[in-house]
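A closer look at the structure
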Amino acid sequence: MGVEAHATNERVTGRRWTVRLDPVGRGRADVRVSCSRPACAAQVLPSAADGRTAAIAHLKAHLRAGPAPRLSVHCACQAEECHTHIRPAGPRERPVPWRCGGAVVLAVITDREGRWWQVMECCSRCAAAHPTAKVVATAPAAEAPARGDGVRADAPAPATPGGPAATTPTFSAISPHFSHSATATATGTAVPQQASAPRSAARSSLRSTRPTRKRPPRGRIAQRLVPHDLRPVALRDELIELGELFRVYQARTEPDLAMLADLHARKAEAFNAWAEVTADTGLRLDARRAEQAAATARLQHLHRIGQAPDGEGPAVVRLLTAPAQWNHARAVLAHVAENAPLPGAEARLLVVMVTLRTAQSGVGNLVGQDIKGLPLQDPEHLVGQLVESGWLGISGTVEELIASRPESPTRISVPSLTPDEDDPGPFTFGRKLRPKLSGWAQRVVGEKKLRKGKTGADVRLLALALATGADGEGRLGSGGEGIGLDALSSWCSVDPADLPDLVDRLTAADWLAEADVTDTLVTGRLTERVLPLGCPLT
């Protein structure tokens, strides 16, 4: 009997598993979601945002389906001797029993960047010591032992399942929210109102005679807890207020880059002061990152309102505002140049516009005006050729596509752009950027003077190439050195001997100034009128 009791009361180490988000390879946007549980297979998602959503959903499914935390387990972090969150002031010591205590809970711990989430079965004291821990379930209170050897005969019987004294672990109704604090409680044994009333009255009377202590405020900023005993008090209050302001800003529906820049500047100043008080190198690094974030947000704000930094005069208000967007536009044009299914400038122009409509998912909508608005001599025949080649798929006939109107668009698909588990597709930008790139190309190709001059597909392809091949001041080529003649003729799908005429037509349309065509280069600059349509070389 003694051996059996020992086996029954033996405590085991708490459960722990991790869900991770890792890049698939260098230079690729797709990510891999993996779980340390043996039965869980890894998933590959096309972007970090999709991977983070899948990882959190996977973790929530485990939390809903998994068992409640067990009362008689050791902390899962005991194997690490609690060194991840409890560091002794002196030399390294062996952990002692008082470092663990409280009810057993199921806690979710994550890193700052949102790259991994770890579920840990541990005591409430260890969970509270983790700055990012969110408690999602608490073990039920200890039940009375069953009648038998070693139990007093007059001990009360244990509560029956479902009775008033039954206890159940409490889970969050929506599972953990990793960007907000979550709480979890456990229901205890109900106490009859009549029996507890005199004691409650006595306690209330005793409390009324004691002075109440007001604990100093405790806040959180950048996943760091602000110590309640931090001095000076003004620094502690500033850090707590900044944490609240950042959370309010994150809840905004529209960004305010000027406000964000000011918040980051205040954070940098506060973290520098905090680092001086505590001599913490990590705080100094966080302060430096906040300074860089403030400078970046302020520069983006100036670009959005059309001003230049340091009072240098008005800046160009560009249709595409960020270097990443400019690089994605060049990536689309380069992909079309390498994978165009048909020769000729008209086919190349149509493939560019269709690619931008379907770039993110391989499917999109098209109406007749989208095609008839392009300078194509026989658009119906050209669309038919793309369909016959297998590059383009449409829901219906070519005639129905040409006749379709905005209220009933035609569904199109490009199989080579459709992502799957093995191939995420050639482009790495998200759903929100795709319509911006498509709108930018429509503005360039359909620019007013190009339409009035009745320019052909070759001239408009050259306009696209020059818009992505100039520097910030509009000079063609990196540093104004010009663009290679062979590269332009290959992109426009024309003979190099035809380029001087195309350059003259762009000059007549007030697209180019100071243009010159040599045997190897096209030099010049974009006019001030079309600079907003440019994607500067960085």
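Attention in this report is confined to the structure presented alongside it. The shown structure was predicted, so the numbers you read here are calculated from the model rather than taken from an experiment.

**Observations concerning the overall build of the protein chain**
Check the secondary structure of the protein chain and you find 17 helices and 16 strands. Within the protein chain, the proportion of its 538 residues that are buried is 37%. For the protein chain, contacts bridging at least 24 residues in sequence account for 62% of all contacts bridging at least 6. When the accessible surface of the protein chain is summed, it comes to about 30400 Å², and 53% of that surface belongs to carbon and sulfur atoms.

**Brief notes about the sheet that holds strand β14 (residues 483-484)**
Within the open sheet, the 3 strands sit side by side as β14-β16-β15. Their pairing is antiparallel. Pairing within the sheet leaves two strands with one partner each, and these edge strands are β14 and β15 (512-517). Two strands pair when backbone bridges link them, and β14 and strand β16 (residues 521-526) are joined in this way by 2 bridges, in the antiparallel orientation. Within β16, the residue paired with Gly484 across the bridge is Leu521. Packed onto the sheet, helix α17 (residues 499-508) meets β15 and β16 and runs at close to 170 degrees relative to β15.

**Observations regarding empty space enclosed by the protein**
A complete count under the given rule lists 3 cavities of 30 Å³ or more for this structure. When its volume is computed, the largest cavity comes out at roughly 70 Å³. Residue lining of the largest cavity: Leu350, Met353, Val354, Arg357, Leu366, Asp370, Ile371, Leu374, Ser438 and Gln442, and that is the complete set. Of all the secondary-structure elements, those providing two or more residues to the lining of the largest cavity are α9 (345-358), α10 (368-372) and α13 (433-445). The leading source of residues in the lining of the largest cavity is α9, at 4 residues. Split into classes, the residues belonging to the lining of the largest cavity amount to 6 nonpolar, 2 polar and 2 charged.

**Observations regarding the packing of α9 against α13**
Remark: α9 packs on α13, axes separated minimally by 8 Å, with the N-to-C direction vectors making an angle of 155 degrees. Considered as vectors, α9 and α13 are oriented roughly antiparallel to each other. By crossing handedness, the relation of α9 to α13 is classed as left-handed. Across the interface between the two elements, Leu349, Met353, Leu356 and Arg357 from α9 touch Arg434, Leu437, Ser438, Ala441, Gln442 and Val445 from α13.

**Here's the deal with the sheet that holds strand β7 (residues 116-123)**
Taken in spatial order, the 6 strands of this open sheet run β4-β3-β2-β7-β6-β8, and their pairing is antiparallel. Strands with a single pairing partner mark the edges of an open sheet, and in this sheet they are β4 (43-45) and β8 (134-138). Pairs of neighbouring strands in the sheet enclose a mean axial angle of 20 degrees, with direction left out of account. For strand β2 (residues 16-23) and strand β3 (residues 31-35), the ladder comprises 5 bridges, and the chain directions are antiparallel. Across the sheet, Leu21 pairs through a bridge with Val33, a residue of β3. Across the sheet, helix α2 (residues 48-65) touches β2, β3, β4, β6 (104-110), β7 and β8, and the angle it forms with β2 is around 170 degrees.

**Section: a negative patch on the surface**
A contiguous patch of negative charge, built from Asp378, Glu380, Glu399 and Glu400, is present on the exposed surface. Positionally, Glu380 belongs in helix α11 (residues 379-388). Given a relative accessible area of 33%, Glu380 falls into the partly exposed group.

**Some details on unusual backbone geometry**
At the junction of Arg231 and Pro232, the peptide bond is cis and its omega measures out at 5 degrees in the coordinates. Relative to the elements of secondary structure, Pro232 occurs in the loop between β10 (224-225) and α5 (233-250). Positioned with a positive phi, Ala279 is a non-glycine residue whose angle comes to about 55 degrees. What makes Ala279 exposed here is its relative accessible area of 58%.

**Details of the pattern of salt bridges**
Going through the model one piece at a time under the given rule, you end up with 21 salt bridges. For Glu241, the salt bridge identified is with Arg266, shortest N-O distance 3.9 Å. Within this pair, whereas Glu241 is found in helix α5, its partner Arg266 is found in helix α6 (residues 257-278), the two being separated by 25 residues in sequence. Judged by its relative accessible area of 41%, Glu241 is partly exposed. What makes Arg266 partly exposed here is its relative accessible area of 28%. The network of salt bridges with common partners includes Arg224, Asp280, Asp286 and Arg289.

**As for the packing of helix α15 (residues 457-467) against helix α16 (residues 485-492)**
Here α15 crosses α16 at 130 degrees, and the two axes come no closer than 9 Å. Between α15 and α16, the crossing angle belongs to the class labelled oblique. Pair α15 / α16 crosses with right-handed handedness. Seen from α15, the contacting residues are Asp458, Leu461, Leu462, Ala465 and Leu466; seen from α16, they are Leu488, Trp491 and Cys492. Of the residues contributing to the contact of α15 with α16, the split by class is 7 nonpolar, no polar and 1 charged.

Analysis parameters
Residues numbered from 1 in each chain as written. Predicted model: local features only at pLDDT ≥ 70, side-chain atom pairs only at ≥ 80, totals over all residues. Heavy atoms only, no water. Helix = DSSP H or I, 4+ residues; strand = E, 2+ residues; numbered from the N terminus. Buried < 20%, exposed > 50% of the residue type's maximum accessible area, 1.4 Å probe, protein only. Contact = heavy atoms within 4.5 Å. Areas by Shrake-Rupley, 256 points an atom, 1.4 Å probe, with all protein chains shown as cover. Pairing = 2+ DSSP bridges. Axes fitted to C-alpha atoms, helices over the stretch in contact; angles between N-to-C directions. 1 Å grid on protein atoms, 1.4 Å probe; cavity = no way out; pocket = protein on both sides within 12 Å on 5 of 7 lines; lining within 4 Å. Points joined across faces, edges and corners; volume = space filled by probe spheres on them. Nonpolar A, V, L, I, M, F, W, Y, C, P; charged D, E, K, R; others polar. Parallel < 35°, antiparallel > 145°, perpendicular 65-115°, else oblique. Left-handed = near helix turned anticlockwise from the far one by under 90°. Patch = residues over 30% accessible without salt bridge, like charges linked within 9 Å, V, L, I, M, F, W, Y side chains within 5 Å. Salt bridge = Lys/Arg side-chain N within 4 Å of Asp/Glu carboxyl O. Lys, Arg positive; Asp, Glu negative; His and termini not counted. Charge placed at Lys NZ, Arg CZ, Asp CG, Glu CD.

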